[in-house]
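# Commentary on secondary and tertiary structure
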Amino acid sequence: MSTILLLIISILAPWVVHLAAPRQRALALVGVLAVFLLYGIFAENPLTQWEMWAGLAAGVLTVLFLVGGIGGGGGGRTRAPRTRRPRPSTYDEGNEPTGEI
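Let us look at the structure shown here. Since the model is a prediction, treat every value here as computed from it, not as a measurement.

This next bit is on the overall build of the protein chain. Looking only at helices and strands, the protein chain has three helices and zero strands in total. Going residue by residue from the N terminus, the α and β elements of the protein chain occur as α-α-α. Counted over contacts in the protein chain with a minimum sequence separation of 6, partners at least 24 positions apart contribute 62%. Here the protein chain displays about 8700 Å² of accessible surface, and carbon together with sulfur accounts for 64% of that area.

This is the structure in structure tokens:
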């Protein structure tokens, strides 16, 4: 059971980091490392297990393959640059402040 759990965690770890929002990826990576640390505390050292390394390799390869990094279709979608709408004037014509309170 421990072997299967470590393999599942290792396969899902790259997906967790990849699917996190771009600004949250560092936090997702810290979370994945915390899961491996907890596994190491309560089960056994995952760094010496082949299941961790095989799972990480499989997870990274599936992310790269399905996202299109290795032999995938022609790159990702590119977004058109956003154009800013002009801000409406704070004061309408004829309603300029007079300085009186």
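We are not done yet, so read on.
In this section: the packing of helix H1 (residues 2-19) against helix H3 (residues 50-67). Between H1 and H3, the shortest axis-to-axis distance is 8 Å and the interhelical angle comes to 35°. Pair H1 / H3 crosses with right-handed handedness. Of H3, the residues touching H1 (which contributes Thr3, Leu6, Leu7, Ser10, Ile11, Ala13, Pro14, Trp15 and His18) are Glu51, Met52, Gly55, Leu56, Ala58, Gly59, Val60, Thr62, Val63, Leu66 and Val67.

What follows deals with the nonpolar core. Within soluble globular proteins, side chains that are nonpolar generally end up buried alongside one another. Within the largest apolar cluster, seven residues are counted, these being Leu6, Ala13, Val32, Phe36, Tyr39, Met52 and Leu56. The set of elements that each furnish at least two residues to this core consists of H1, helix H2 (25-42) and H3. Residue contributions to this core peak at three residues, all from H2. In contact with Phe36, other than residues within four places in its own chain, are Leu6, Ile9, Ser10, Ala13, Pro46, Met52 and Leu56.

Let us now look at H3. Over its 18 residues, H3 runs 26 Å from end to end, which matches the ideal 26 Å to within 8%, given 1.5 Å per residue. Those residues of H3 not exposed but buried are Glu51, Met52, Gly55, Leu56, Gly59 and Val63. Buried residues of H3 fall within an arc of 125° about the axis and therefore sit on the same side. Set apart from the buried face of H3 by more than 90 degrees, the exposed residues are Trp50 and Phe65. On its buried side, H3 packs onto H1 and H2. One or two residues past the end of H3 sits Gly68, with phi positive at roughly 110°.

A few words now on H2. Relative to the 26 Å expected for 18 residues at 1.5 Å per residue, H2 spans 26 Å between its end C-alpha atoms, a close match to the ideal helical length. When we look at burial in H2, the residues that qualify are Ala28, Val32, Phe36 and Tyr39. For H2, the angular spread of buried residues about the axis comes to 80°, placing them on one side. Across H2 from its buried face, at more than 90 degrees, point the exposed residues Ala26, Leu27, Val30, Leu33, Leu37, Ile41 and Phe42. The elements touched by buried residues of H2 are H1 and H3.

About the criteria used
Residues numbered from 1 in each chain as written. Predicted model: local features only at pLDDT ≥ 70, side-chain atom pairs only at ≥ 80, totals over all residues. Heavy atoms only, no water. Helix = DSSP H or I, 4+ residues; strand = E, 2+ residues; numbered from the N terminus. Contact = heavy atoms within 4.5 Å. Areas by Shrake-Rupley, 256 points an atom, 1.4 Å probe, with all protein chains shown as cover. Axes fitted to C-alpha atoms, helices over the stretch in contact; angles between N-to-C directions. Left-handed = near helix turned anticlockwise from the far one by under 90°. Core = buried A, V, L, I, M, F, W, Y, C linked by side-chain atoms within 4.5 Å. Buried < 20%, exposed > 50% of the residue type's maximum accessible area, 1.4 Å probe, protein only. Expected span 1.5 Å × (residues − 1). Arc of directions from axis to C-beta.

Bear in mind that shape data such as this cannot, by itself, settle questions of function.
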